[in-house]
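So the chains spell out like this:
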Amino acid sequence: MEPRQALDPQQFARIWGRVTEAGGDSRLQVIPFARKQESLGKGSVCHNRFLRQRVREELTDWRTCTWLASFGPGWQTMRSVAGDELCQAKRLSTASFLITGEQYFPRQQCQPLRSPSWQEGMRTMFLRAKEASELYRREADQTRDDSLRELFQSLSQEESLHALHIRRALERWG
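This report concerns the structure included in the present document. Along each chain, numbering runs from 1 in the same order as the chain's sequence is written. A pLDDT threshold of at least 70 governs which residues receive local features in this predicted model, and a stricter bar of 80 or more applies before side-chain atom pairs are shown or counted, although totals over entire chains, interfaces and linings include all residues. Excluding hydrogens and water, the side-chain values take into account all heavy atoms of the structure.

### Thoughts on the overall build of the protein chain
Applied cut-off: Each helix is a run of DSSP H or I of at least 4 residues and each strand a run of E of at least 2, with the numbering of both proceeding from the N terminus. In this scheme, a residue with accessible area under 20% of its type's maximum is buried, one over 50% is exposed, and one in between is partly exposed, where area comes from a 1.4 Å probe on protein chains only. In these tables, accessible area is a Shrake-Rupley quantity obtained with a 1.4 Å probe, and a residue counts as shielded only by the protein chains included in the view.
What the protein chain contains, in helices and strands, is five helices and zero strands. Sequence-ordered secondary structure for the protein chain, helices as α and strands as β, is α-α-α-α-α. A buried classification covers 37% of the 174 residues belonging to the protein chain. As displayed, the protein chain has an accessible area near 11,300 Å², and 50% of this comes from carbon and sulfur atoms.

### Some details on the pattern of salt bridges
When charged atoms on two side chains of opposite charge get close, those side chains can pair. For clarity, the threshold we go by: Every case where a carboxyl oxygen of Asp or Glu lies within 4 Å of a side-chain nitrogen of Lys or Arg is listed as a salt bridge.
For the coordinates displayed, the defined rule picks out 11 salt bridges. Its salt-bridge partner being Asp141, residue Arg137 comes within 2.8 Å of it at the nearest N-O pair. On the criterion of helical spacing, the pair formed by Arg137 and Asp141 is a turn pair, its members being four residues apart in helix H4 (residues 118-142). Under the relative-accessibility criterion, Arg137 is labelled partly exposed at 36%. Residue classification places Asp141 among the exposed residues on the basis of a relative accessible area of 55%. Arg149 is the partner of Asp146 in a salt bridge, and the nearest nitrogen-oxygen pair spans 2.7 Å.

### What about unusual backbone geometry?
One non-glycine residue with positive phi stands out, namely Leu40, at about 50 degrees. Among the secondary structure elements, Leu40 is positioned in the loop between helix H1 (9-21) and helix H2 (48-69).

### Structural notes on the nonpolar core
As a reminder of what qualifies: Only buried residues count toward a nonpolar core, which is a set of Ala, Val, Leu, Ile, Met, Phe, Trp, Tyr and Cys residues joined through side-chain atoms within 4.5 Å. Note on definitions: a residue-residue contact is assigned when non-hydrogen atoms from the two residues lie within 4.5 Å.
Of all hydrophobic cores here, the largest spans 33 residues; its most connected members are Leu92, Leu148 and Phe152. When residues in this core are grouped by element, the largest group, nine residues, is from H2. With sequence-adjacent residues up to four places away left out, Phe152 is seen in contact with His47, Phe50, Leu51, Leu92, Tyr136, Glu139, Ala140 and Thr143.

### Quick look at H4
As a reminder of what qualifies: Take the number of residues in a helix, subtract one, and multiply by 1.5 Å to get its expected span.
Its 25 residues place the ends of H4 36 Å apart at the C-alpha level, agreeing with the 36 Å of an ideal helix rising 1.5 Å per residue. Turning to H4, its buried residues are Trp118, Gly121, Met122, Met125, Arg128, Ala129, Ala132, Ser133, Leu135, Tyr136, Glu139 and Ala140. Lining the buried residues of H4 we find H2, helix H3 (75-100) and helix H5 (146-173).

### Structural notes on the side chain of Asp61
Considering the arrangement of structural elements, one finds Asp61 in helix H2. We classify Asp61 as buried; its relative accessible area is 1%. Asp61 has contacts with Glu85, Met125 and Arg128, leaving out every residue within four places of it along the chain.

### A look at the packing of H3 against H5
Put simply, the rule is: The convention used is that axes are lines fitted to C-alpha atoms, helices contributing only their stretch in contact, and that angles between N-to-C directions extend from 0 to 180 degrees. Roughly parallel refers to an angle under 35 degrees, roughly antiparallel to one over 145, roughly perpendicular to one between 65 and 115, and oblique to any angle outside these ranges. Less than a right angle of anticlockwise turn of the near helix away from the far helix marks a crossing as left-handed, whereas a clockwise turn marks it as right-handed. For this classification, the nonpolar set comprises Ala, Val, Leu, Ile, Met, Phe, Trp, Tyr, Cys and Pro, the charged set comprises Asp, Glu, Lys and Arg, and every other residue, Gly included, is treated as polar.
Two numbers describe how H3 lies on H5: the axes approach to 11 Å, and their chain directions differ by 165 degrees. When the axis of H3 is compared with that of H5, the two are roughly antiparallel. Along this stretch, H3 crosses H5, giving a crossing that reads as left-handed. On H5, the residues touching Thr77, Met78, Val81, Asp84, Glu85, Gln88, Arg91, Leu92, Ala95 and Ile99 of H3 are Leu148, Leu151, Phe152, Ser154, Leu155, Glu158, Glu159, His162, His165, Ile166, Ala169 and Trp173. A breakdown of the residues in the contact of H3 with H5 according to their chemical character gives 12 nonpolar, five polar and five charged.

### Thoughts on the packing of aromatic side chains
Worth spelling out the cut-off: Each Phe, Tyr or Trp ring, with Trp reduced to its six-membered ring, pairs with another whose centre is within 6.5 Å; inter-plane angles below 30 degrees give stacked pairs, above 60 give edge-to-face pairs, and intermediate values give tilted ones.
In the structure shown here, the tally under the stated rule is four aromatic pairs. Here Trp67 and Phe71 contribute two aromatic rings whose centre-to-centre distance is 4.9 Å and whose plane-to-plane angle is 65 degrees, an arrangement assigned as edge-to-face. Judged by its relative accessible area of 19%, Trp67 is buried. For Phe71, a relative accessible area of 42% gives the class partly exposed. Plain terms: the ring middles of Tyr136 and Phe152 are 6.3 Å apart, the flat faces sit at 15 degrees to each other, and that makes the pair stacked. Linking Tyr136 in helix H4 with Phe152 in helix H5, this pair joins segments that are 16 residues apart in sequence.

Following this line, the structure appears as structure tokens:
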């Protein structure tokens, strides 16, 4: 079954006019069809600042998780989270590129957040994952772009899982 095409507003008015002439309720109004926003197009450029800021944050988290994996217990957990953070940065960078046509991936400019201890670093990453999850959820609720909404919802869920994995690592080795 093929998806139904929306009628042109003028075509709809003509058809509706015939219906109302045949005894239909003429008090009803024809409401123009609202066209969907172009996915990852110029209409989404308002999200580019957020996308680029999150690319930087995800790269910082990647570096921090890689640093934490280098010396603490739970290194496997942090190596896995680090890989996810790098993938998230790439996904955000790709969305920004599709919207603007400009590559943005400042890998070398982002440095890890150093902490005095492994436990404090893990706590910092736990809090950052919870905050990122909430930021992505809010941004998903605010966007009209279906592709960005799907991306932000996915990233929100991933960040919630990161917080869970970090918490479990702390419970086990902290």
